[in-house]
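Listed below, chain by chain, are the residues.
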There are 2 protein chains.
Amino acid sequence: MDIAKELLAGSRLALSRAITAVENEYDEAVDIMKKLYPHTGNAYVIGITGPPGAGKSTLTDKIVKEYRRLGKTVGVIAIDPTSPFSGGAILGDRIRMNELTLDEGVFIRSMGTRGSLGGLSHKTADAVKIMDAAGKDVIIVETVGVGQSEVDIVKAADTTLVVVVPGLGDDIQAIKAGILEIADIFTINKADRDGADKLNVELEMMLDLYQDKLEWRPPIKRTVAHRNEGIAELVQTLEEYYGYLKETDKLTERRTERVKAEVLAMLEENIGRYVTRTMQSDGEFEQMVQQIQKREADPYTLVADLLKRLLK
Amino acid sequence: MDIAKELLAGSRLALSRAITAVENEYDEAVDIMKKLYPHTGNAYVIGITGPPGAGKSTLTDKIVKEYRRLGKTVGVIAIDPTSPFSGGAILGDRIRMNELTLDEGVFIRSMGTRGSLGGLSHKTADAVKIMDAAGKDVIIVETVGVGQSEVDIVKAADTTLVVVVPGLGDDIQAIKAGILEIADIFTINKADRDGADKLNVELEMMLDLYQDKLEWRPPIKRTVAHRNEGIAELVQTLEEYYGYLKETDKLTERRTERVKAEVLAMLEENIGRYVTRTMQSDGEFEQMVQQIQKREADPYTLVADLLKRLLK
């Protein structure tokens, strides 16, 4: 089966297989991506992140339903924070139980953090392109925004929605501050809880503090996802921000930055693979490692030398 | 001032400056690391990780005090989860208030997650080497183990202590499962809380479940850090595990793996820097990016071509 061709013809099976190929680094993956690439660049990519327990899954489901109500097709990539070791059952269960999967206009896929996170952000970027080529109007990348790399993943989005929730510990508040950098829009989810007003004030104060550093002051919305409250308004804000990105050419800027980062990441990954393959086959790498371990040489000098030899 | 020379002579100022040089990528950093490298490999490197709110900071302080009681010198690298944006005040405050900083036998340094996390794990590895060369007997790397990259950072340790705590949400429990892979020792901190027994049972069940995948079954200790309960026993376990690593040659294995990963990361980082510098200077990179963005070419083909040209 020509996966790319079938996918472009609208096959869900092909869509699923393409992502699997990318996720497991099958040989055909690069060929598929080459064929699909010309058909990308049309979807609105939304990153949703926030601390554990913020209710991102429920919120994502409601946002998807609202976009469906507006007649848009949606792809969801849920980055699974659990390890392959644990089977990543948590998200898996959620998705199996999810009635959205019965909707032909929605495609949900979870990706685990197996292997390097760098690898995952690359694979996520490819999965986004695959869903984009498959014609999804909106693509949502959902991840637990606690680690820098998880944050890096949503950085690849056109718009990043940061979900916060009242009544989390100080450490988590600290992390919240960490993702101020990438927030285009905030939503206080579970806004019916005590502390929603306090959190709102804190956020506004934080935004005041960094006002001069911010090109765009992220609006702070309120949602109670499980009761579907504030979802329509939130999606409207997401669409308004998309409009702003287009008018101001920021969309092009962001996508240029994304391409740069992707090309560089690909290059580094491929070179890493090349070096391990070739050098390991002729045992040179092992030798280097041994010299370093015996303190006969330092890695900094050896790497510099190796680089000189590698590069024309 | 010859930072490396002064550091090896025992200067705390030089130690601090060396880490600053690495953190800010000053030109002299590589030279310093080259000079220090031959003097590394003697410290016991302990990674401490766990979800936010597990009380890692307090636990780390108590472990340091216990090691001091045993007559060992200690270095602490606290990975600050907050962004440069937020000033990383949280850990900063903790450290300023920390009476340990008055102890000549202890050196505490926090490093922020500015720049790429990959960059940070590299910088953390260098900071460990710097403290190692400075003669610290034990080096503790403390990080919030919520993201894969934070986990990657502690993977660079000889021993990883995973701190868990009763009464955290499901999402966080899921993350806990994620770090089963790297846990050498567990401690249930705040063990005086309700749910400590339940958590203990859950952990044991999880370990039973992965029994066959585990070379070493991580012991589960209990601590109440703020009351200094269970700390001496925990440090004893850390030392027993160090003994086990030495006897079984696992220490050498782990350090070999670490060197391999470091060399590869360095290589990729340097090549990335080389490409951006040279290609950006002659505008080739920009050109590539534009072609890709206009969908005139796909990144996969261009990167493959570039690689062919780059490599001899």
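Residues numbered from 1 in each chain as written. Chains lettered and ligands numbered in written order. Predicted model: local features only at pLDDT ≥ 70, side-chain atom pairs only at ≥ 80, totals over all residues. Heavy atoms only, no water.

**Structural notes on the overall build of chain A**
Each helix and strand in chain A was counted, giving 13 helices and seven strands. Looking at chain A as a whole, 57% of its 312 residues qualify as buried. If you take every contact in chain A between residues at least 6 apart in sequence, the share linking residues at least 24 apart comes to 74%. As displayed, chain A has an accessible area near 12900 Å², and 50% of this comes from carbon and sulfur atoms. (Helix = DSSP H or I, 4+ residues; strand = E, 2+ residues; numbered from the N terminus. Buried < 20%, exposed > 50% of the residue type's maximum accessible area, 1.4 Å probe, protein only. Contact = heavy atoms within 4.5 Å. Areas by Shrake-Rupley, 256 points an atom, 1.4 Å probe, with all protein chains shown as cover.)

**Topic: the packing of helix 11 (residues 250-281) of chain A against helix 12 (residues 284-293) of chain B**
One way to put it is that helix 11 of chain A packs onto helix 12 of chain B with a least axis distance of 10 Å and a crossing angle of 115 degrees. Considered as vectors, helix 11 of chain A and helix 12 of chain B are oriented roughly perpendicular to each other. Where helix 11 of chain A crosses over helix 12 of chain B, the handedness of that crossing is right-handed. Contact residues: helix 11 of chain A offers Thr252(A), Arg255(A), Thr256(A), Val259(A), Lys260(A), Val263(A) and Leu264(A), while helix 12 of chain B offers Phe285(B), Glu286(B), Met288(B), Val289(B), Ile292(B) and Gln293(B). Within the contact of helix 11 of chain A with helix 12 of chain B, the residues separate by chemical class into seven nonpolar, three polar and three charged. (Axes fitted to C-alpha atoms, helices over the stretch in contact; angles between N-to-C directions. Parallel < 35°, antiparallel > 145°, perpendicular 65-115°, else oblique. Left-handed = near helix turned anticlockwise from the far one by under 90°. Nonpolar A, V, L, I, M, F, W, Y, C, P; charged D, E, K, R; others polar.)

**Focus: the domain arrangement of chain A**
All names here are of chain A. According to the domain assignment, chain A contains domain 1 (1-39), domain 2 (40-247) and domain 3 (263-311). Facing the 16 residues of domain 1 at the interface are 22 residues of domain 2. Of the roughly 1700 Å² buried at the junction of domain 1 and domain 2 (both faces included), carbon and sulfur atoms supply 61%. Considering only the side of domain 1, the residues that lose the most area to domain 2 are Arg 12, Ile 19 and Glu 23, jointly responsible for 41% of the buried surface there. Our count for the domain 1 to domain 2 interface comes out at three salt bridges. In this structure, the connection of domain 1 to domain 2 is made through eight residue pairs in polar contact (both at pLDDT 80 or more). Counting only elements with at least two residues in the side of domain 1 that touches domain 2, the list comes to helix 1 (3-8), helix 2 (12-23) and helix 3 (28-36). Looking at the side of domain 1 that touches domain 2 element by element, the count peaks at eight residues for helix 2. Of the residues assigned to the side of domain 1 that touches domain 2, the class counts are ten nonpolar, three polar and three charged. (Domains from an automatic or database assignment. Buried area = accessible area lost by both parts, 1.4 Å probe. Salt bridge = Lys/Arg side-chain N within 4 Å of Asp/Glu carboxyl O. Polar contact = N/O pair within 3.5 Å; in protein donor to acceptor, adjacent residues only side chain to side chain.)

**Observations regarding the pattern of salt bridges**
This model, assessed by the stated rule, comprises 48 salt bridges over all chains. Of the charged contacts in the structure, one is a salt bridge between Arg258(B) and Asp158(B), with a shortest N-O distance of 2.4 Å. Of the two residues, Arg258(B) sits in helix 11 (residues 250-281) while Asp158(B) sits in the loop between helix 7 (148-155) and strand 5 (159-164), which places them 100 residues apart along the sequence. Across the pair, exposure class does not vary: Arg258(B) and Asp158(B) are buried alike. A salt bridge links Arg222(B) to Asp197(B), with the nearest nitrogen and oxygen atoms 2.8 Å apart. In this pair, Arg222(B) sits in strand 7 (residues 220-222) while Asp197(B) sits in helix 9 (residues 196-210), placing the two residues 25 residues apart along the sequence. Connected via shared salt-bridge partners are Asp2(A), Asp31(A) and Lys35(A).

**Things to note about helix 13 (residues 299-310) of chain A**
Side chains of residues three or four places apart in an α-helix project in the same direction, reflecting 3.6 residues per turn. Residues and elements named next belong to chain A. If you check helix 13, its first and last C-alpha atoms are 16 Å apart, about what twelve residues at 1.5 Å a residue would give, namely 16 Å. Buried residues of helix 13: Pro 299, Tyr 300, Leu 302, Val 303, Leu 306, Leu 307 and Leu 310, and no others. Buried residues along helix 13 cover an arc of 165 degrees about the axis, so they all sit on one side. Where helix 13 starts, the residue carrying a side-chain oxygen 2.9 Å from the main-chain nitrogen of Tyr 300 turns out to be Asp 298. (Expected span 1.5 Å × (residues − 1). Arc of directions from axis to C-beta.)

**Notes on the pairing of strand 5 of chain B**
Residue and element names in this part refer to chain B. In terms of burial, strand 5 is largely enclosed, as six of its six residues are buried. Of the two faces of strand 5, the one holding Thr 159, Leu 161 and Val 163 and the one holding Thr 160, Val 162 and Val 164 are both buried throughout. With four bridges joining them, strand 1 (residues 44-50) and strand 5 adopt parallel strand pairing. Among the inter-strand pairings, Gly 47 is bridged to a residue of strand 5, identified as Thr 160. (Pairing = 2+ DSSP bridges.)

**Here we look at the side chain of Asp126(A)**
With respect to the secondary-structure elements, Asp126(A) resides in helix 6 (residues 117-133). On the accessibility criterion, Asp126(A) (7% relative accessible area) is buried. With near-sequence residues (within four places) excluded, Asp126(A) lies in contact with Val22(A), Met33(A) and Tyr300(B).

**Section: the packing of aromatic side chains**
The full count for this structure, using the stated rule, is eight aromatic pairs over all chains. Taking 4.6 Å as the distance between ring centres and 40 degrees as the angle between the ring planes, the aromatic pair formed by Trp216(B) and Tyr244(B) counts as tilted. One end of the pair, Trp216(B), is in the loop between helix 9 and strand 7; the other, Tyr244(B), is in helix 10 (residues 231-247), and 28 residues separate them in sequence. For Trp216(B), a relative accessible area of 24% puts it in the partly exposed group. On the basis of relative accessible area, Tyr244(B) is assigned to the buried category, the value being 18%. The side chain of Lys246(A) reaches across the aromatic face of Tyr242(A), ending 4.0 Å from its centre. (Phe/Tyr/Trp six-rings, centres within 6.5 Å; stacked < 30°, edge-to-face > 60°. Lys NZ or Arg CZ within 6 Å of the ring centre and 35° of its normal.)

**Thoughts on unusual backbone geometry**
Non-glycine residue Asn228(A) carries a positive phi angle of around 60 degrees. Overall, the relative accessible area of 45% leaves Asn228(A) in the partly exposed class.

**Observations regarding the nonpolar core**
With 100 residues, the main nonpolar core has Ile77(A), Ile130(A), Ile77(B) and Ile130(B) as its most contacted residues. Excluding anything up to four places from it in sequence, Ile130(B) contacts Leu7(B), Leu15(B), Ala18(B), Ile19(B), Val22(B), Met33(B) and Leu36(B). (Core = buried A, V, L, I, M, F, W, Y, C linked by side-chain atoms within 4.5 Å.)

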